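What follows is the residue order along each chain.
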Amino acid sequence: ATTLPTLKADSNIELLEAKGALLMSMVMMVDKPPFDNPKVRQALKLVIDRPSMVQLVTLGFGVPGNDNTVPPTSPLAIQSEPIPQDIARAKELLAEAGYADGLTVDLWTGATDLVPGMLAMVQAYKEMASQAGITVNVQTAPSNSFWDDVYLKQPFVTSYWYTRHPVSSMSLAFRKDAQYNETHWYRDDFDALLDQAATTVDPAAAAELYGKAQEIIMTEGGQIVPVFASLGAAIRKGCTGYVP
C-alpha cells in the first residue's frame, strides 16, 4: 500500500483494485484456554475498530472484515457493514468469563511482515484490546520459520488467505479433517451444513446456507478477520483490455 501514492501521482499510470482479495486474520484455537470460552472469543473480536484498522493496515486499500472467510464485498456475504467496536460489551463478556480484572494473551506473528501490513495489524490490535483490559503480548518468530514452528502449533497466531468461494474457503479452514483447520473447529453439524450448501443446486438456497455458516463462525468461531486487503494492478496508459 505504501507504493500507491507514487503510482497515483503518475498521470501515465492507471490503478485497478480487486477488493476483498486477501484475508488478514488472527486465529484462536477454540480448544485451548482461554480461547475455549466463547465469551472470551467474542470479547477479543469486539475490541476492534475495523474501519480504523483498514486505514492503519492498508492505508485505505482494503475493506473491513467480519470474522469469517467471505469478504463483505461478496454477494454471498451476510453482512456488508463492519461489526462495530464495543468496548463496554467486551468488558462485560470478560467479566462473565471470569476475567473481570483483565486478560493477558500471547499473539504470535513473524518478525517481519508475513504479508504487507501484518505487523501494523497486530500493533493496532494490541492498542485497541488494551481499552477493554486485555494485554496482548506480541510474540515474534523468524518469518522464514514461522509456518513450520509457530503456525498450527501456538494457540493464537496471525494468518492470511487469498479469498475463494465459500465452498472452498470454509472447507479448507473449518472442516473437522481439514489440513489447515487453524482454529481447531471440530463440529459434525457444521460439516453437514457445508455438505448441504455445496450440494444445493439452487443458488439462492445455497447462499442462505453459506450465510448460516458465516453467522456461526462470526459469533462462535475462533477466526478474527479485521481486514480484507485489496490487490492492485498498475497499468500504463495505452495498455487496454486487462481485467484483474
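Above this text is the structure in question.
Residues numbered from 1 in each chain as written. Predicted model: local features only at pLDDT ≥ 70, side-chain atom pairs only at ≥ 80, totals over all residues. Heavy atoms only, no water.

**Considering the packing of helix 8 (residues 188-198) against helix 9 (residues 203-220)**
For the pair helix 8 and helix 9, the least separation of the axes is 8 Å and the interaxial angle reads 155°. It follows that helix 8 is roughly antiparallel to helix 9 by the angle criterion. As for the relative orientation of helix 8 and helix 9, their crossing is left-handed in sense. Along the contact surface, helix 8 presents F190, L193, L194, Q196, A197 and A198, while helix 9 presents A206, L209, Y210, K212, A213, I216 and I217. Of the residues contributing to the contact of helix 8 with helix 9, the split by class is 11 nonpolar, 1 polar and 1 charged. (Axes fitted to C-alpha atoms, helices over the stretch in contact; angles between N-to-C directions. Helix = DSSP H or I, 4+ residues; strand = E, 2+ residues; numbered from the N terminus. Parallel < 35°, antiparallel > 145°, perpendicular 65-115°, else oblique. Left-handed = near helix turned anticlockwise from the far one by under 90°. Contact = heavy atoms within 4.5 Å. Nonpolar A, V, L, I, M, F, W, Y, C, P; charged D, E, K, R; others polar.)

**Looking at the nonpolar core**
Ranked by size, the top nonpolar core spans 39 residues in total, and within it V47, M53, Y125, I134 and F156 carry the most contacts. Secondary-structure elements contributing two or more residues to this core are strand 1 (13-28), helix 2 (38-46), helix 3 (50-58), helix 4 (87-96), strand 3 (103-110), helix 5 (118-130), strand 4 (134-141) and strand 6 (223-236). When residues of this core are assigned to their parent elements, the largest contribution, 7 residues, is made by helix 5. When sequence neighbours within four positions are dropped, the list of residues in contact with I134 reads L44, V47, L94, L103, V105 and A129. V70, L194, A213 and I216 belong to the second-largest nonpolar core, a separate cluster that totals 16 residues. (Core = buried A, V, L, I, M, F, W, Y, C linked by side-chain atoms within 4.5 Å. Buried < 20%, exposed > 50% of the residue type's maximum accessible area, 1.4 Å probe, protein only.)

**Observations regarding the pattern of salt bridges**
On inspection of all chains with the given rule, the structure shows 9 salt bridges. Taking the shortest distance from any N to any O, the salt bridge between R50 and D67 comes out at 2.9 Å. Of the two residues, R50 sits in helix 3 while D67 sits in the loop between strand 2 (62-64) and helix 4, which places them 17 residues apart along the sequence. Comparing R50 with D67, the two get one shared label, buried. A salt bridge links R89 to E92, with the shortest nitrogen-to-oxygen separation between them at 3.0 Å. Here E92 and R89 lie together in helix 4, a separation of 3 residues that amounts to about one turn. Residue R89 is classed as partly exposed on the basis of its relative accessible area, which comes to 31%. A relative accessible area of 42% means that E92 is categorised as partly exposed. Salt bridges sharing common partners tie together K39, R89, E92 and E96. (Salt bridge = Lys/Arg side-chain N within 4 Å of Asp/Glu carboxyl O.)

**Structural notes on the environment of R175**
Relative to the elements of secondary structure, R175 occurs in the loop between helix 7 (166-174) and helix 8. Residue classification places R175 among the buried residues on the basis of a relative accessible area of 17%. In the structure, R175 is positioned 10 residues away from W185 in sequence and 7.1 Å away in space, judged by C-alpha atoms. When near neighbours in sequence (up to four residues on either side) are disregarded, R175 contacts M170, N181, W185, D191, L194 and D195.

**So, the layout of surface pockets**
Looking at the largest pocket, its volume works out to about 400 Å³. Every residue lining the largest pocket is counted, 24 residues in all, and those nearest its centre are A1, T2, F61, P116 and S230. Those elements that place two or more of their residues in the lining of the largest pocket are helix 1 (4-8), strand 1, helix 3 and strand 6. Of the residues that constitute the lining of the largest pocket, the class distribution is 18 nonpolar, 6 polar and no charged. (1 Å grid on protein atoms, 1.4 Å probe; cavity = no way out; pocket = protein on both sides within 12 Å on 5 of 7 lines; lining within 4 Å. Points joined across faces, edges and corners; volume = space filled by probe spheres on them.)

**Comments concerning the environment of D31**
As for its placement among the helices and strands, D31 is situated in the loop between strand 1 and helix 2. On the basis of relative accessible area, D31 is assigned to the partly exposed category, the value being 37%. Separated by 155 residues in sequence, D31 and Y186 place their C-alpha atoms 9.4 Å apart.

**Focus on the pairing of strand 1**
The pairing of strand 1 with strand 6 spans 11 bridges and is classified as antiparallel. Residue E14 lies in a different strand from strand 6, and its bridge partner there is I235. Both strand 1 and strand 5 (residues 156-162) contribute to a ladder of 7 bridges, which runs antiparallel. Bridge assignment links L22 to a residue of strand 5, and that residue is Y162. (Pairing = 2+ DSSP bridges.)

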